[in-house]
Amino acid sequence: MVVCPVCEHQQAAGDECQRCGRRLTGPGVVPLPVEPLLGLEATRLGDGGGVAVAPLPDLELTHHRPAAAEAAPALELEPTRAAPVRVSAEVVPDLEPTRAETIPGDGPTRRPATLVCRYCRTENPPGETSCARCGMRLPPWEAPAPVADAPAPARCPACGTLNAGEICTGCGGLVRRR
C-alpha cells in the first residue's frame, strides 16, 4: 500500500494520489499502465507513447534566429530623458501647512502582555513561538516598555502571582504594596 504524504490516502499502486493528485515518490510507488487513446494527437512528453510525431505541414514555426540589423529609433516617440527644469513657486498665504504638529503625550502603542493567536484567538504566554492550542507560529514577542507612572508589580501573599494592580489576577485576593 502507498500512503499519500499530503492527505494520507491509502491506495494499492500508482504514481499520483487518487484523492488529491499529489505525485508520489519512494518505495512501493508503481506507475499504473496507461493505454493511449485512439484519435488524439501525441505529445512530445516522455517517449510519446510509441507514436511517431511528425510536424504539421501548415503550422508556422515559432522560434527563429535573432535579427541581424539593429532597430532604428521610432521618430514619432518623445525621448524619455528631459533636461532639468527650474520652477519658481510662490508661497500662498491662505494655504494650511502640510506638516502636522505632534499630539502631546502621544507615544508608541504598548504591546499586550500576552500573545493572541491570529488563527484560533487563544491567549499564549509571552515568549512562546507557537500556539498552545492549534500549533500555528506566533509573531515574535517583545516585552512591553515600562511605563513611568505604573507601580512595580507586587507578588500576591496568598498565591505568589505577580500583579500590577491591587487585586490579584490569580486568586482575587488583596495585594499589599510596600
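Structure first, text after, so check above.
Treat the numbers as computed from the prediction; the structure is a model and nothing was measured.

Basis of the calculations
Residues numbered from 1 in each chain as written. Predicted model: local features only at pLDDT ≥ 70, side-chain atom pairs only at ≥ 80, totals over all residues. Heavy atoms only, no water. Helix = DSSP H or I, 4+ residues; strand = E, 2+ residues; numbered from the N terminus. Buried < 20%, exposed > 50% of the residue type's maximum accessible area, 1.4 Å probe, protein only. Contact = heavy atoms within 4.5 Å. Areas by Shrake-Rupley, 256 points an atom, 1.4 Å probe, with all protein chains shown as cover. Polar contact = N/O pair within 3.5 Å; in protein donor to acceptor, adjacent residues only side chain to side chain. Disulfide = S-S within 2.5 Å. Core = buried A, V, L, I, M, F, W, Y, C linked by side-chain atoms within 4.5 Å.

1. Topic: the overall build of the protein chain
Link 1 in the chain: Along its length, the protein chain carries zero helices and six strands.
Link 2 in the chain: Its helices and strands taken in sequence order, the protein chain reads β-β-β-β-β-β from the N to the C terminus.
Link 3 in the chain: The buried share of the protein chain, reckoned over its 178 residues, is 11%.
Link 4 in the chain: Sequence separation of 24 or more characterises 11% of the internal contacts of the protein chain that already satisfy a separation of 6 or more.
Link 5 in the chain: Summed over its atoms, the accessible surface of the protein chain is roughly 17000 Å², and 56% of this surface lies on carbon and sulfur atoms.

2. Side note on the side chain of H9
Link 1 in the chain: On the secondary structure map, H9 appears in the loop between β1 (2–3) and β2 (10–11).
Link 2 in the chain: The buried category is assigned to H9, whose relative accessible area is 17%.
Link 3 in the chain: Within the local environment of H9, its side chain forms a polar contact with the side chain of R19, the two groups lying 3.5 Å apart.
Link 4 in the chain: H9 has contacts with V2, V3, C4, C17, Q18 and R19, leaving out every residue within four places of it along the chain.

3. Some points on unusual backbone geometry
Link 1 in the chain: The phi dihedral of E8 falls on the positive side, at around 60°, and the residue is not glycine.
Link 2 in the chain: Here E8 shows up in the loop between β1 and β2.
Link 3 in the chain: Here the phi dihedral of R121 falls at roughly 60°; this positive angle occurs in a residue that is not glycine.

4. Topic: the state of the cysteines
Link 1 in the chain: In total, this model carries zero disulfides according to the counting rule given.
Link 2 in the chain: In this structure C117 is a free cysteine whose sulfur lies 3.6 Å from that of C134, the closest cysteine sulfur available.

5. Some points on the nonpolar core
Generally speaking, a soluble globular protein has its nonpolar side chains buried in company with each other.
Link 1 in the chain: In terms of nonpolar packing, the biggest core is built from five residues, these being L115, C117, C120, C131 and L138.
Link 2 in the chain: Excluding residues that lie within four positions of it along the chain, C120 makes contacts with C131, R133 and C134.

6. Remarks on the side chain of N124
Link 1 in the chain: Counting through the fold element by element, N124 comes out in strand β4 (residues 123–124).
Link 2 in the chain: At 3.0 Å, the side chain of N124 forms a polar contact with the backbone nitrogen of A132.
Link 3 in the chain: Dropping the residues within four chain positions of it, N124 is found in contact with T114, L115, C117, S130, C131, A132 and L138.

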